[in-house]
Amino acid sequence: MRSIAHISDLHFGYNDPLLAKKLCETLREMRPDVLVISGDLVEHATAEEFARAREFLEQLPQPQIVVPGNHDLPFYNLWRRWTEGLKLYCRFITDNLEPVLVDDEIAVVGATSSHLFPVKGGKINAEQLDRLVREFSKFPSSLIRILVTHHPFDLPEPSNPRLLVGHSRRAVARLAPVVDLLLAGHVHLSSSGSTSTRYDLGGEAMVFVQAGTAISDRNKGEANSFNLLEVGYTEAAGKQAVISRYFWCKEKGRFEEGQRRAYCFGKSGWAAWDNAEHDRL
Ligand SMILES: [Fe+2]
Ligand SMILES: [Fe+2]
């Protein structure tokens, strides 16, 4: 079993310092095997914001898989966006835009869905998609294979399809045979589900997992949150994933475990495991 903490949309420059401190304490206590950060580390992509984000990441558990969001390129100043792109992200956070972490239970791969254009929306271009399919095809299917992007490939209905990665249907059809979980952010609302609801791929389905905004003031009607995933494979039960959401509880001044959802891999790919009495992995 592996535990993966999934945080997103920190938006340094537009964040709550108390939440940053509490998130840091909570994650250090949790000691996850991997920490995933699915983009929008900063708001205006200035050196000062990136320096604060860098300092924050250094206090959090390692190893980390980080991908950039649309705000990690200058978002409000188009001239800076075109001339600087991800320059400051690469300088302060990481110049590895396709990070990979593999052990004997999981394979986590990050991909950059935030490009110069579109400014807000996301895309995985044909070259990236080919590379991802090649990369994931190398991993044994007994591993839990996880793709991390900033923009989502899927969201619960009803949702605005413009929030999804461009040409998401084409990408999902290519990825579903070789990927188990899709982790993303961007929407500032947490959710999870099987891709089989939106994409009928004749028995191939992944689980999409959305993290809310962990510490920013840019809430979309939901408390700040992050996810803790416990994933694993056993001979008897096959592949399983339990996703717990932790929400900021203002009254108690801490992140509290909220909803928990379980998924398992069956004949029709990944689906929600409705048995509420499931054991923790
Ligand atoms: Fe965001
Ligand atoms: Fe975003």
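Throughout what follows, the structure given in this document is the object of discussion. (Residues numbered from 1 in each chain as written. Chains lettered and ligands numbered in written order. Predicted model: local features only at pLDDT ≥ 70, side-chain atom pairs only at ≥ 80, totals over all residues. Heavy atoms only, no water.)

## Topic: the coordination of the iron ion (ligand 1)
No. 1: Each protein donor to the iron ion (ligand 1) is listed here as Asp9 (OD), His11 (NE2), Asp40 (OD) and His188 (NE2); together their distances run 2.0 to 2.2 Å.
No. 2: Site description for the iron ion (ligand 1): donor spacing in sequence, D-x1-H-x28-D-x147-H.
No. 3: Between the two metals, the iron ion (ligand 1) and the iron ion (ligand 2), the spacing is 3.4 Å, and aspartate 40 donates to both.
No. 4: Classification of aspartate 9 as buried rests on a relative accessible area of 0%.
No. 5: Overall, the relative accessible area of 0% leaves histidine 11 in the buried class. (Donors = N, O, S within 2.8 Å, 3.2 Å for Na, K, Ca; no water. Buried < 20%, exposed > 50% of the residue type's maximum accessible area, 1.4 Å probe, protein only.)

## A short note on the sheet that holds strand β7 (residues 181–184)
No. 1: Sheet architecture is open: six strands sit in the order β4-β5-β6-β7-β9-β8, paired in mixed fashion. A single partner strand is all that each edge strand has here, and the edge strands are β4 (100–102) and β8 (191–194). Sheet twist, expressed as the mean angle between neighbouring strand axes with direction ignored, is 15 degrees.
No. 2: Here β4 pairs with strand β5 (residues 106–110) via three bridges, running antiparallel. (Pairing = 2+ DSSP bridges. Helix = DSSP H or I, 4+ residues; strand = E, 2+ residues; numbered from the N terminus. Axes fitted to C-alpha atoms, helices over the stretch in contact; angles between N-to-C directions.)

## Considerations on the coordination of the iron ion (ligand 2)
No. 1: Taken together, the protein donors to the iron ion (ligand 2) comprise Asp40 (OD), Asn70 (OD1), His150 (NE2) and His186 (ND1), at separations of 2.1 to 2.3 Å.
No. 2: Coordination at the iron ion (ligand 2) is irregular: its four donor atoms span angles of 88 to 158 degrees at the metal. (Tetrahedral: all angles 85-135°; square planar, octahedral: opposite > 155°, others 65-115°.)

## Here's the deal with the sheet that holds strand β10 (residues 225–234)
No. 1: The strand order β3-β2-β1-β10-β11-β12-β13 describes an open sheet built from seven strands, whose pairing is mixed. The sheet terminates laterally at β3 (64–66) and β13 (269–272), the two strands that pair on one side only. With strand direction ignored, the average angle separating the axes of adjacent strands in the sheet is 25 degrees.
No. 2: Pairing geometry for strand β1 (residues 2–7) and strand β2 (residues 34–37), over four bridges, is parallel. The partner of histidine 6 across the bridge, within β2, is valine 36.
No. 3: Seen against the sheet, helix α1 (residues 17–30) touches β1, β2, β10, β11 (238–249) and β12 (254–266) and runs at an angle of roughly 20 degrees to β10. (Contact = heavy atoms within 4.5 Å.)

## Re helix α5 (residues 126–137)
No. 1: The terminal C-alpha atoms of α5, which comprises 12 residues, lie 16 Å apart, in line with the 16 Å expected from a rise of 1.5 Å per residue.
No. 2: The complete set of buried residues in α5 reads Gln128, Leu129, Leu132, Val133 and Phe136. Summarising the axial view, the buried residues of α5 lie within an arc of 130 degrees, below the 170-degree limit, and thus occupy one face. The exposed set on the far side of α5, more than 90 degrees from its buried face, consists of Glu127 and Arg134. (Expected span 1.5 Å × (residues − 1). Arc of directions from axis to C-beta.)

## Some words on the packing of aromatic side chains
No. 1: In total, this model carries nine aromatic pairs according to the counting rule given.
No. 2: For the ring pair phenylalanine 75 and tyrosine 76, a centre distance of 5.1 Å and an interplane angle of 85 degrees mean the geometry is edge-to-face.
No. 3: Consider the rings of phenylalanine 136 and phenylalanine 139, whose centres lie 5.8 Å apart with planes at 80 degrees: the pair is edge-to-face.
No. 4: Residue phenylalanine 136 is classed as buried on the basis of its relative accessible area, which comes to 0%.
No. 5: For phenylalanine 139, a relative accessible area of 12% gives the class buried.
No. 6: Taken together through their ring pairs, the aromatic side chains of Phe226, Tyr246, Trp248 and Phe255 make up a single cluster.
No. 7: The ring of phenylalanine 265 has lysine 239 lying over it, and the distance from NZ or CZ to the ring centre is 5.8 Å. (Phe/Tyr/Trp six-rings, centres within 6.5 Å; stacked < 30°, edge-to-face > 60°. Lys NZ or Arg CZ within 6 Å of the ring centre and 35° of its normal.)

Just geometry here; none of it tells us what the structure is for.
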